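# Observations on the model geometry
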Amino acid sequence: PGQMGETMTFKEKKNSEPLRERLERMERDGVKLYVNGSVSTPEYITRHCVNEDTVYMPDYVTDESGKVKEIRYDKIYVK
C-alpha cells in the first residue's frame, strides 16, 4: 500500500465546505478518517483541522489495488 501527502491551499482553508462534502462522500464509500491517530469525522476535520494557525497534512492510505481506504490527518509542527 502506498501513501501520498498533500497540503491544503489557502483557497481550500478559506472555503472548507467542498472539503467536507468530499470527505463525507469518501466516508460513505468506506474510507476511514483519522486525526492524529484517532478515528474522526468530516465535521471535526473541517472545523478543527482547517485553520490558518495549525497545519495538518492528509496522508492518503491505499489498498493493494490503489483504492483509498484511509485518510490520516496529522498535525505538522514547524520548528
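Just so it is clear, the model here is predicted, and its values are computed rather than measured.

## With respect to the overall build of the protein chain
The helix and strand inventory of the protein chain stands at 3 helices and 5 strands. Walking the protein chain from its N terminus toward its C terminus, one meets helices and strands in the order β-α-α-β-β-α-β-β. Of all 79 residues assigned to the protein chain, the portion counted as buried reaches 32%. In the protein chain, the share of contacts with a sequence separation of at least 24, taken over all contacts with a separation of at least 6, comes to 50%. Of the roughly 5600 Å² of accessible surface on the protein chain, a fraction of 47% belongs to carbon and sulfur atoms.

## Some thoughts on the environment of K75
Examined against the element boundaries, K75 turns out to sit in strand β5 (residues 68-76). Along the primary structure K75 and C49 are separated by 26 residues, whereas in three dimensions their C-alpha atoms are 8.2 Å apart. Residue contacts for K75: discarding those within four places in its chain leaves N36, T54, V55 and Y56.

## Overview of the environment of E43
Inspection of the secondary structure puts E43 in helix α3 (residues 42-48). The sequence separation of E43 and E24 amounts to 19 residues, and the corresponding C-alpha distance is 8.6 Å.

## With respect to the packing of aromatic side chains
In the structure shown here, the tally under the stated rule is 0 aromatic pairs. If you follow R72 out to its NZ or CZ, it ends over the ring of Y34, 4.0 Å from the centre.

## A look at the pattern of salt bridges
Tallying each qualifying case throughout the model produces 3 salt bridges. Close ionic contact of E24 with R20 constitutes a salt bridge, the shortest N to O distance being 3.1 Å. A residue pair is termed a helical-turn pair when its members lie 3 or 4 positions apart in one helix, as E24 and R20 do in helix α2 (residues 17-28) at 4 residues. With a relative accessible area of 27%, E24 lands in the partly exposed category. Residue class for R20 comes out partly exposed when judged on its relative accessible area of 24%. Where E70 meets R72, a salt bridge forms, and the shortest distance between an N and an O atom there is 2.8 Å. Under the relative-accessibility criterion, R72 is labelled partly exposed at 26%.

Reading the values: rules and limits
Residues numbered from 1 in each chain as written. Predicted model: local features only at pLDDT ≥ 70, side-chain atom pairs only at ≥ 80, totals over all residues. Heavy atoms only, no water. Helix = DSSP H or I, 4+ residues; strand = E, 2+ residues; numbered from the N terminus. Buried < 20%, exposed > 50% of the residue type's maximum accessible area, 1.4 Å probe, protein only. Contact = heavy atoms within 4.5 Å. Areas by Shrake-Rupley, 256 points an atom, 1.4 Å probe, with all protein chains shown as cover. Phe/Tyr/Trp six-rings, centres within 6.5 Å; stacked < 30°, edge-to-face > 60°. Lys NZ or Arg CZ within 6 Å of the ring centre and 35° of its normal. Salt bridge = Lys/Arg side-chain N within 4 Å of Asp/Glu carboxyl O.

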